[in-house]
Amino acid sequence: MKIKSKKTVLAGTCVCAIMLVAGLVACAPQSNTTGSAESQIMPDQDSFGVVVADEWSGLYPNQHATYEANEANGPESGKHNYLELYPALNTMYKGYAFALGYDEASSHVYALQSVSNTPRTTQKEQLANCITCKTPQFTAQVNSEGDGVYAKKFNDLIGTFTEPISCYNCHENDPKELTVASKFFTEKSMGNDGAKVPMAAQVCGQCHNEYYFNPETKVTTNPYSGLAAMTPEAILAYYDGLGFKDWEHPLTGAKMLKVQHPEFETVYGGKQMHMAQLGYSCADCHMGTSVAEDGTSFTNHTWTSPLENADLMKNTCSTCHEDLAGQVKAWQAEEEERVTAISEKIEDYINKLAAAKDTLSAEDLATAQNLHRTAQFYWDFVMVENSEGAHNPELTFATLDKAEAAVDQGLALVS
């Protein structure tokens, strides 16, 4: 059995945490700069109105240095090809861009490079909405020019951007504050629940979520408003109510959905995971505070699994978890085993439905196609969520149960 061991930024588990004791105070200019924050000259903005990360290095050397450390998690650091890891995906994603290429994501600092080089954009014409969350310059352009930017052609814009995910995405141009740069997330998607989730989670959630492109406006949109509507069941019902599809499967004729990366929904939506209920944020687990050589406390900007943070594991997680690493390993092994097995069932079902569809009544065919859509949606919701089950084991396995129940019902129909 292959274990994915995903290294995607914010991957791993949010089951332990430290409160950001230094909080945003840790984002104050470091002691090795001269003068007070007020006396410092504001760094220059680029043509998009973004202060790029390198411009902050003098005022925030520790944050900038740890941000640059994310370069270690690059395209050459042993990334999986998911079409090889899960061979069934070549059938499951058939007819959709993800069948052209689907590699494990690199660090945020490679986001712009990755979206530029993936076969999904080099071999298939796309719109600029594919650049959402890949660079703060695109976000700033949307904020400045409006939603029409989403509908522009990908190739007309992608070459104008130079900055990967960086400071502006979470702070705009004020490192002392946390701000969700993608305004649709706080103004629409969070509904009236903004006060229920730490801002240090919302700045991550603005990109680490399930979304779709509005068929009419092409705007990047979340399929919910408010936390209660962020469950897999409610999201599927939302899409069903719209009659929305990402593509039509060429073998079965089913109207398919491609889930993105629903980390925020998995942790904070519906019945929240325990740590979320206690008020912890993504940053508490995946960033935390560090102490520089001069004794300065600062927010560490190397995004990683808490399991790789020895201080966090020893001083915080161990107070509640006797063997957190072992617990996470067990969850992820079970998730991997079930994800692989159910993918093979879905592939088998696709092939059997394709062979039988001309013999089914119109009613049975519609039922069979909906079961394909449903089973693959629930499976995808788990597979593309980057913690491999560790963020919310209860939700993970309940969702896989729904995927398996739907595909079993479908197999019984066509057998």
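The structure displayed is predicted, hence computed values, not measured ones. (Residues numbered from 1 in each chain as written. Predicted model: local features only at pLDDT ≥ 70, side-chain atom pairs only at ≥ 80, totals over all residues. Heavy atoms only, no water.)

Focus on the overall build of the protein
Right, on to step 1. When you go through the protein residue by residue, the secondary structure sums to 18 helices and six strands.
Right, on to step 2. Computed over C-alpha atoms, the radius of gyration of the protein comes to 22 Å, within 12% of the 22 Å expected from 2.2 N^0.38 for 415 residues, which places it in the range of a compact globule.
Right, on to step 3. For the C-alpha atoms alone, the extent of the protein along its principal axes is close to 80 × 55 × 40 Å.
Right, on to step 4. Evaluated residue by residue, the protein yields a buried proportion of 54% over its 415 residues.
Right, on to step 5. For the protein, the exposed surface amounts to about 17900 Å²; the carbon and sulfur share of it is 51%. (Helix = DSSP H or I, 4+ residues; strand = E, 2+ residues; numbered from the N terminus. Rg over C-alpha atoms; globule rule 2.2 N^0.38 Å. Buried < 20%, exposed > 50% of the residue type's maximum accessible area, 1.4 Å probe, protein only. Areas by Shrake-Rupley, 256 points an atom, 1.4 Å probe, with all protein chains shown as cover.)

Regarding the state of the cysteines
Throughout this description, disulfide means a covalent bond between two cysteine sulfur atoms.
Right, on to step 1. Taken as a whole and assessed by the stated rule, the structure comprises one disulfide.
Right, on to step 2. Paired through a disulfide, C133 and C207 show a sulfur-sulfur distance of 2.2 Å. Here C133 and C207 share a disulfide; its torsion about the S-S bond, -90°, makes the bridge left-handed. Taken together, the residues span a long stretch of sequence, with C133 in the loop between α5 (119-122) and α6 (136-145) and C207 in the loop between α10 (199-205) and β1 (212-213) at a distance of 74 residues. (Disulfide = S-S within 2.5 Å.)

So, the nonpolar core
Right, on to step 1. If you look at the biggest cluster of nonpolar residues, it comprises 86 residues, and the most contacted ones within it are L89 and W379.
Right, on to step 2. Beyond its immediate stretch of four places on either side in the chain, W379 contacts L89, M92, Y93, V339, I342, S343, I346 and A403.
Right, on to step 3. Core analysis: the next-biggest nonpolar cluster, separate from the first, contains eight residues, A53, Y67, V109 and A283 among them. (Core = buried A, V, L, I, M, F, W, Y, C linked by side-chain atoms within 4.5 Å. Contact = heavy atoms within 4.5 Å.)

Things to note about the packing of aromatic side chains
For any pair of aromatic rings, geometry is given as the distance between the ring centres together with the angle between the planes.
Right, on to step 1. Scanning the entire structure with this criterion turns up 22 aromatic pairs.
Right, on to step 2. Above the ring of F98, the side-chain terminus of R120 is found at 4.0 Å from the ring centroid.
Right, on to step 3. Just above the ring of F98 sits the side chain of K258; from NZ or CZ to the centre is 4.7 Å. (Phe/Tyr/Trp six-rings, centres within 6.5 Å; stacked < 30°, edge-to-face > 60°. Lys NZ or Arg CZ within 6 Å of the ring centre and 35° of its normal.)

A few points about a negative patch on the surface
Right, on to step 1. The grouping of D44, D54, E55, E68 and E71 at the surface amounts to a negative patch.
Right, on to step 2. For E68, the position within the fold is in helix α1 (residues 61-68).
Right, on to step 3. Under the relative-accessibility criterion, E68 is labelled partly exposed at 36%. (Patch = residues over 30% accessible without salt bridge, like charges linked within 9 Å, V, L, I, M, F, W, Y side chains within 5 Å. Salt bridge = Lys/Arg side-chain N within 4 Å of Asp/Glu carboxyl O. Lys, Arg positive; Asp, Glu negative; His and termini not counted. Charge placed at Lys NZ, Arg CZ, Asp CG, Glu CD.)

Quick word on the pattern of salt bridges
Right, on to step 1. Applying the stated rule across the entire model yields 15 salt bridges.
Right, on to step 2. Here E125 and K153 are joined by a salt bridge, their closest N and O atoms 3.9 Å apart. Of the two residues, E125 sits in the loop between α5 and α6 while K153 sits in the loop between α6 and α7 (154-157), which places them 28 residues apart along the sequence.
Right, on to step 3. Overall, K153 belongs to the partly exposed group, its relative accessible area being 46%.
Right, on to step 4. A salt bridge links D380 to K258, with the nearest nitrogen and oxygen atoms 3.2 Å apart.

What about helix α17 (residues 362-383)?
Right, on to step 1. Compared with an ideal rise of 1.5 Å per residue, which puts 22 residues at 32 Å, α17 spans 31 Å between its outermost C-alpha atoms and is within 8% of the ideal.
Right, on to step 2. Among the 22 residues of α17, 16 are classified as buried, and the element is accordingly described as predominantly covered. (Expected span 1.5 Å × (residues − 1).)

Brief notes about the packing of helix α16 (residues 324-356) against helix α18 (residues 393-414)
Right, on to step 1. For the pair α16 and α18, interaxial distance at closest approach is 9 Å and the crossing angle is 25°. With respect to α18, the element α16 is oriented roughly parallel. In this structure, α16 meets α18 at a crossing whose hand is left-handed.
Right, on to step 2. Here the contact of α16 with α18 is composed, by residue class, of 14 nonpolar, two polar and nine charged. (Axes fitted to C-alpha atoms, helices over the stretch in contact; angles between N-to-C directions. Parallel < 35°, antiparallel > 145°, perpendicular 65-115°, else oblique. Left-handed = near helix turned anticlockwise from the far one by under 90°. Nonpolar A, V, L, I, M, F, W, Y, C, P; charged D, E, K, R; others polar.)

Details of the packing of helix α11 (residues 232-242) against α17
Right, on to step 1. The interhelical angle for the contact between α11 and α17, taken along N-to-C directions, is 135°, at an axis separation of 11 Å. Accordingly, the angle class assigned to the pair α11 and α17 is oblique. Seen from above, α11 lies across α17 with right-handed handedness. Residues P232, E233, I235, L236, Y239 and D240 of α11 touch α17, and the partners they reach there are R373, T374, F377, Y378 and F381.
Right, on to step 2. The class makeup of the residues in the contact of α11 with α17 is seven nonpolar, one polar and three charged.

A short note on unusual backbone geometry
Right, on to step 1. The residue K218 is not glycine, and still its phi comes out positive at about 70°.
Right, on to step 2. Mapped onto the secondary structure, K218 falls in the loop between β1 and β2 (220-221).
Right, on to step 3. We note that E388 has phi near 55°; this positive angle belongs to a residue other than glycine.
Right, on to step 4. Here E388 shows up in the loop between α17 and α18.

Here we look at the side chain of R338
Right, on to step 1. Inspection of the secondary structure assignment puts R338 in helix α16.
Right, on to step 2. The residues contacting R338, other than those within four sequence positions of it, are F397, L400, D401 and E404.

A closer look at the environment of P306
Right, on to step 1. Checked against the element boundaries, P306 lands in the loop between β6 (297-299) and α15 (310-315).
Right, on to step 2. In sequence terms P306 and C285 are 21 residues apart; their C-alpha atoms lie 5.5 Å from each other.

Things to note about the side chain of S107
Right, on to step 1. Mapped onto the elements of the fold, S107 is located in the loop between α3 (89-92) and α4 (111-117).
Right, on to step 2. Here S107 falls in the buried class, since its relative accessible area comes to 1%.
Right, on to step 3. A polar atom in the side chain of S107 sits 3.3 Å from the backbone oxygen of N70. (Polar contact = N/O pair within 3.5 Å; in protein donor to acceptor, adjacent residues only side chain to side chain.)

Quick word on the environment of P164
Right, on to step 1. Examined against the element boundaries, P164 turns out to sit in the loop between α7 and α8 (167-171).
Right, on to step 2. On the basis of relative accessibility, which here comes to 14%, the residue P164 falls in the buried class.
Right, on to step 3. As for P164 and A111, which are separated by 53 residues in sequence, their C-alpha atoms are 5.8 Å apart.
Right, on to step 4. The contacts of P164, once residues within four sequence positions are left out, are Y67, H108, V109, L112, K134, T135 and P136.

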